[in-house]
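# Breakdown of the fold
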Amino acid sequence: MEEVSFQNLIWIFATASVVNNFTLAYFLGLCPFLGVSGTIDTALRMGMANIFVLTVTSICAWALNTFVLEHAPYLRLIAFIVVIASTVQFVEMTIKKLSPALFKALGIFLPLITTNCAILGLALFQTNRGYGFVQGLVYALGAGVGLTLALVLMAGLREENELADIPEALKGAAMSFLIAGILSMAFMGFAGLFSKVS
């Protein structure tokens with residue numbers, strides 16, 4: 001078994017959250033990114049729900065790959081989808097019970113975590129990269145923090161735009177797409193920065 005250094009774990013976390021941000025670099029998870037980023041509070045809570053689902057998915061993907069799917073890799077995709085759907089259902093029931101207001105604010109986007117390609121992408125990327133348990137967990141946390149960061153940045157900028165004097169042609173979806181593109185280009189700059197460091 002490959003020894004995992006602390007520096008390697010930091011590198012995995014940093015690249016998953018900033019350099020290879022699932023939303024701003026890979027363009028995964030765009031539904032909640034554009035749909036739930038109206039307020040910072042809602043975006044932050046959606047980010048926390050995503051971190052939880054990503055973490056549970058990572059643990060389950062590692063367990064399935066290690067103990068169940070070793071001799072049946074053709075079942076990997078369907079097994080991942082079942083795990084993700086079950087986890088999201090659990091999160092949905094918990095939020096509905098503990099915070100009905102948040103459940104109402106998240107609306108359709110909470111059950112849509114099930115079909116969020118960032119969640120499935122995490123399980124597939126983790127498997128293809130051969131990450132062990134600890135590496136997969138750090139990768140999931142990094143991806144979740146990156147997704148939350150993207151949601152909160154977008155929500156903050158959208159809240160600021162409500163107070164700004166914007167031309168009529170740029171209001172609404174046009175401004176959201178413009179902000180998303182600029183954020184994406186800004187995060188692409190981190191790839192060059194990290195390549196200089198390494």
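This report concerns the structure included in the present document. (Residues numbered from 1 in each chain as written. Predicted model: local features only at pLDDT ≥ 70, side-chain atom pairs only at ≥ 80, totals over all residues. Heavy atoms only, no water.)

Between helix 4 (residues 76-98) and helix 6 (residues 117-128), the shortest axis-to-axis distance is 10 Å and the interhelical angle comes to 135 degrees. It follows from the interaxial angle that helix 4 and helix 6 lie oblique. For helix 4 against helix 6, the interelement crossing comes out right-handed. Contact with helix 4, carried on its side by R76, L77, F80, I81 and I84, involves I119, L120, A123, L124 and T127 of helix 6 and no other residues of that element. Residue composition of the contact of helix 4 with helix 6, by class: eight nonpolar, one polar and one charged. (Axes fitted to C-alpha atoms, helices over the stretch in contact; angles between N-to-C directions. Helix = DSSP H or I, 4+ residues; strand = E, 2+ residues; numbered from the N terminus. Parallel < 35°, antiparallel > 145°, perpendicular 65-115°, else oblique. Left-handed = near helix turned anticlockwise from the far one by under 90°. Contact = heavy atoms within 4.5 Å. Nonpolar A, V, L, I, M, F, W, Y, C, P; charged D, E, K, R; others polar.)

Approximately 160 Å³ is the volume found for the largest pocket. Lining the largest pocket, in full, are G38, R158, N161, E162, I166, L170, K171, G172, M175, S176 and I179. Grouping the constituent residues of the lining of the largest pocket by class yields four nonpolar, four polar and three charged. (1 Å grid on protein atoms, 1.4 Å probe; cavity = no way out; pocket = protein on both sides within 12 Å on 5 of 7 lines; lining within 4 Å. Points joined across faces, edges and corners; volume = space filled by probe spheres on them.)

Throughout the structure, instances matching the rule amount to eight aromatic pairs. Between W62 and F133, the ring centres sit 5.1 Å apart and the planes meet at 65 degrees, which makes this aromatic pair edge-to-face. With W62 in helix 3 (residues 40-68) and F133 in helix 7 (residues 133-163), this pair connects stretches of sequence that are 71 residues apart. Classification of F133 by relative accessible area gives partly exposed; the value is 34%. Members of the aromatic cluster, each reached through a chain of ring pairs, are F22, Y26, F125, Y131 and Y139. (Phe/Tyr/Trp six-rings, centres within 6.5 Å; stacked < 30°, edge-to-face > 60°. Buried < 20%, exposed > 50% of the residue type's maximum accessible area, 1.4 Å probe, protein only.)

Moving on: the environment of L28. With respect to the helices and strands, L28 occurs in the loop between helix 1 (6-19) and helix 2 (30-35). Between the C-alpha atom of L28 and that of Y74, which follows or precedes it by 46 residues, the distance is 23 Å. In contact with L28, not counting residues within four places along its chain, are F22, T23, C117, A118, F125 and L147.

For the coordinates displayed, the defined rule picks out one salt bridge. With its nearest N and O atoms 3.4 Å apart, the salt bridge here joins D41 to R45. Of the two residues, D41 and R45 both sit in helix 3, four residues apart, roughly one turn of that helix. We classify D41 as partly exposed; its relative accessible area is 46%. (Salt bridge = Lys/Arg side-chain N within 4 Å of Asp/Glu carboxyl O.)

All right, on to helix 1 then. A turn of α-helix holds 3.6 residues, and therefore any two residues three or four places apart point the same way. Along its 14 residues, helix 1 runs 19 Å from first to last C-alpha, staying within 8% of the 20 Å computed at 1.5 Å per residue. Turning to helix 1, its buried residues number three or more, namely L9, I12, A14, T15, A16, S17, V18 and V19. (Expected span 1.5 Å × (residues − 1).)

Taken together, the side chains of L170, L178, I182, M185 and M188 make up a nonpolar region of the molecular surface, amounting to roughly 490 Å² of accessible area. Along the polypeptide, M185 turns up in helix 8 (residues 173-197). (Patch = residues over 30% accessible without salt bridge, like charges linked within 9 Å, V, L, I, M, F, W, Y side chains within 5 Å. Areas by Shrake-Rupley, 256 points an atom, 1.4 Å probe, with all protein chains shown as cover.)

To continue, consider the nonpolar core. Formed by 40 residues in total, the largest nonpolar core has its most connected members in F22, F33, I95, L106, I113, L122 and Y139. Considering every element that reaches this core, the biggest residue donor is helix 7, with eight residues. Dropping the residues within four chain positions of it, I95 is found in contact with A49, P100, L102, F103, L106 and L110. (Core = buried A, V, L, I, M, F, W, Y, C linked by side-chain atoms within 4.5 Å.)

Turning our attention to the environment of N65. The topology assignment puts N65 in helix 3. Overall, N65 belongs to the buried group, its relative accessible area being 18%. In this structure, the C-alpha to C-alpha distance between N65 and F80, residues 15 residues apart in sequence, is 10.0 Å. Leaving out residues up to four positions away in the same chain, N65 has contacts with E70, R76, F80 and T127. Polar contacts involving the side chain of N65 include one to the side chain of T127, which spans 2.7 Å. (Polar contact = N/O pair within 3.5 Å; in protein donor to acceptor, adjacent residues only side chain to side chain.)

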